[in-house]
Amino acid sequence: LWGKTFCIQIWLAILSGGEFVNSYLKNYTIELATLAPVFIGSGEQLGKKEYIYDKYEKKVWIFDRKTLYKHILEENLSDAYESYILGKNGDLYVWMKKNNISKSKYSTWAKYCLDCSYAELSERNRDISLFVKDSYGLPYIPGSSLKGAIRTVLLGYKLSMNPPTGQLQSDIKYNSKARRRNELARNLRRPSQMLEETFHTLKREKVKKENAVCDELSGLRISDSRPLNTKDLILCQKIDKGIDGKDQMLPTFRECLKPEIKICFDMTIDESMCNYKKSDILEAVEYFFDNANKQYKKYGALSQDRKCVITIGGGAGYISKTVPYNIYPDREVVQVVSNILEASAPRHGHKNDVKRGVSPHTLKTTKYGGRTYQFGQCEIKITENETPL
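Since the model is a prediction, treat every value here as computed from it, not as a measurement.

Caption draft 1: Seen up close, the overall build of the chain. Helix and strand counts for the chain stand at 13 helices and 14 strands. By element, 50% of the accessible surface of the chain is carried by carbon and sulfur atoms, the whole surface being about 20700 Å².

Caption draft 2: Structural detail: the environment of Lys58. With respect to the helices, strands and loops of the structure, Lys58 is situated in the loop between strand E3 (51-54) and strand E4 (59-62). Counting along the chain gives 56 residues from Lys58 to Leu114, while the straight-line C-alpha distance between them is 8.6 Å. The contacts of Lys58, once residues within four sequence positions are left out, are Tyr53, Leu114, Asp115, Cys116, Ser117 and Ala119.

Caption draft 3: Just the side chain of Lys238, in detail. Its location among the elements puts Lys238 in strand E8 (residues 233-242). No salt bridge forms around the buried Lys238; measuring N to O, its nearest opposite-charge neighbour Asp240 is 4.5 Å away. Excluding its chain neighbours within four sequence positions, the residues that come into contact with Lys238 are Gln248, Met249, Leu250, Thr252, Arg254, Lys364, Thr365 and Phe375.

Caption draft 4: Summary view of the nonpolar core. Of all hydrophobic cores here, the largest spans 76 residues; its most connected members are Leu32 and Ile310. Sequence-distant contacts of Leu32, that is, excluding residues within four places in its chain, are made with Leu146, Ile261, Lys262, Ile263, Phe265, Ile310, Ile312, Cys378, Glu379 and Ile380. One finds Trp61, Trp95, Tyr106 and Trp109 within the second-largest nonpolar core, a separate group that totals 15 residues.

Caption draft 5: Just helix H12 (residues 330-344), in detail. Spanning 15 residues, H12 covers 22 Å between terminal C-alpha atoms, matching the ideal 21 Å at 1.5 Å per step. Those residues of H12 lying buried are Val333, Val334, Val336, Val337, Ser338, Asn339, Ile340, Leu341, Glu342 and Ala343.

Caption draft 6: Spatial organisation of the state of the cysteines. A complete count under the given rule lists 0 disulfides for this structure. The thiol sulfur of Cys236 is not disulfide-bonded, and the nearest other cysteine sulfur, from Cys256, lies at 4.0 Å. Looking at Cys236, the relative accessible area reads 1%, which means it is buried.

Caption draft 7: Inspection of the environment of Leu282 at higher detail. Following the sequence through the fold, Leu282 ends up in helix H10 (residues 278-296). Judged by relative accessible area, which is 19%, Leu282 ranks as buried. The sequence separation of Leu282 and Lys307 amounts to 25 residues, and the corresponding C-alpha distance is 9.4 Å. When sequence neighbours within four positions are dropped, the list of residues in contact with Leu282 reads Cys308, Ile380 and Ile382.

Caption draft 8: Region of interest: the confidence of the model for the chain. The share of residues in the chain with pLDDT of 70 or more is 84%, and the mean pLDDT across the chain is 84. Segment residues 12-21: pLDDT under 50, and 12 contacts once partners within four positions in sequence are set aside and those in other chains are kept. Segment residues 175-179: pLDDT under 50, and 4 contacts once partners within four positions in sequence are set aside and those in other chains are kept.

Caption draft 9: Seen up close, the pairing of strand E5 (residues 112-115). Alternating residues of E5 divide into Tyr112 and Leu114, all buried, and Cys113 and Asp115, none buried. For E4 and E5, the ladder comprises 4 bridges, and the chain directions are antiparallel. Residue pairing in the sheet places Ile62 in a bridge with Tyr112 of E5.

Caption draft 10: Looking closely at the sheet that holds strand E14 (residues 377-384). Strand order in the open sheet formed by 5 strands is E7-E10-E1-E14-E11, with antiparallel pairing between adjacent strands. In the strand order of this sheet, the two ends are held by strand E7 (220-222) and strand E11 (309-311), each with one partner. Here the strands of the sheet are splayed against their neighbours by 35° on average, with no regard to which way each runs. For E7 and strand E10 (residues 262-270), the ladder comprises 3 bridges, and the chain directions are antiparallel. Within E10, the position partnered with Ile222 by the bridge is Met267.

Caption draft 11: Region of interest: the side chain of Glu216. As for its position among the elements, Glu216 is in the loop between helix H9 (190-199) and E7. No salt bridge is formed by the buried Glu216; its nearest oppositely charged neighbour, Lys158, is found at 6.1 Å. With residues near it in sequence (within four places) discarded, Glu216 still touches Thr198, Phe199, Thr201, Leu202, Met273, Cys274, Asn275 and Tyr276.

Procedures and definitions
Residues numbered from 1 in each chain as written. Predicted model: local features only at pLDDT ≥ 70, side-chain atom pairs only at ≥ 80, totals over all residues. Heavy atoms only, no water. Helix = DSSP H or I, 4+ residues; strand = E, 2+ residues; numbered from the N terminus. Areas by Shrake-Rupley, 256 points an atom, 1.4 Å probe, with all protein chains shown as cover. Contact = heavy atoms within 4.5 Å. Buried < 20%, exposed > 50% of the residue type's maximum accessible area, 1.4 Å probe, protein only. Lys, Arg positive; Asp, Glu negative; His and termini not counted. Salt bridge = Lys/Arg side-chain N within 4 Å of Asp/Glu carboxyl O. Core = buried A, V, L, I, M, F, W, Y, C linked by side-chain atoms within 4.5 Å. Expected span 1.5 Å × (residues − 1). Disulfide = S-S within 2.5 Å. pLDDT = per-residue confidence, 0-100. Pairing = 2+ DSSP bridges. Axes fitted to C-alpha atoms, helices over the stretch in contact; angles between N-to-C directions.

Structure below.
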């Protein structure tokens, strides 16, 4: 395949006056417009002793640890700060006030400030999960996050056209009552098998099908996003919305990109490897979200009025990250999903989801600006760029 492609390119180069033409590479710009808060976690958390929560102004001041300690040394407060850090209880806002450090001073020490108007931070459980940032401290979205979301919608769309059959289908619909942990471990390997059967279409000599080099999506490359600004970040609280309409406020707080932020990526499709085109991606996105929306309506969630909506990032919930809803009819999928969730999280009461008529029985949401949002929803646009000769 590669030898044939190379010969074609040499021939094109001769016709074009000696320039090498990569006609099989198609370049695009992807633009995401956030319709809801988006969380891409860095894996780092801040404890309540490491930031200032101003409950009167509803703001959170975030500091660089080294810079903060440098200023504390300049104030000759290192011993007091050490006692504060080693103590069991404490609040940095109270400590600053106690040591006569005014807001006008500590605000200049902070890296940035978050609006937390719609997060209810209590005295306990106030750890904040931070958004991923580059080496300059600016938030961004890794290309792998977007590509993972695109892979999921393409898989869901393909499986809806050709549902799995035979042993693979029966394994997904396993009975979770007997030896459920062992069965779960076995069946968690099945999604990878579905991925292999769907995307591992490239034939390589002396290479097994499950090897990543056989994945045609290796020919779909997405860059990290352009850097964003810390002013684009807000603090969001996780809220579980039940089918009864009641909200459960949870002590989980995340730095998120706020709604109405535009994010740009570069995408290249190598058509000698990948058979998916721009139109295929957008069609799959539209189908996948439309299918998910049918489930969201069971919780009384408001539907998005945009067609091409893709869900990315953490905290978005089971429906947006998995494909059973694209494989099974509505009357059957609740039983399948409740079995899977009951096996993986038996304490959460998913065995009653069939009676409720929906599984999972809560929707992952948050609030901002007086509105309720589902995490991670973004409108996606793909524009083809001219390929330079």
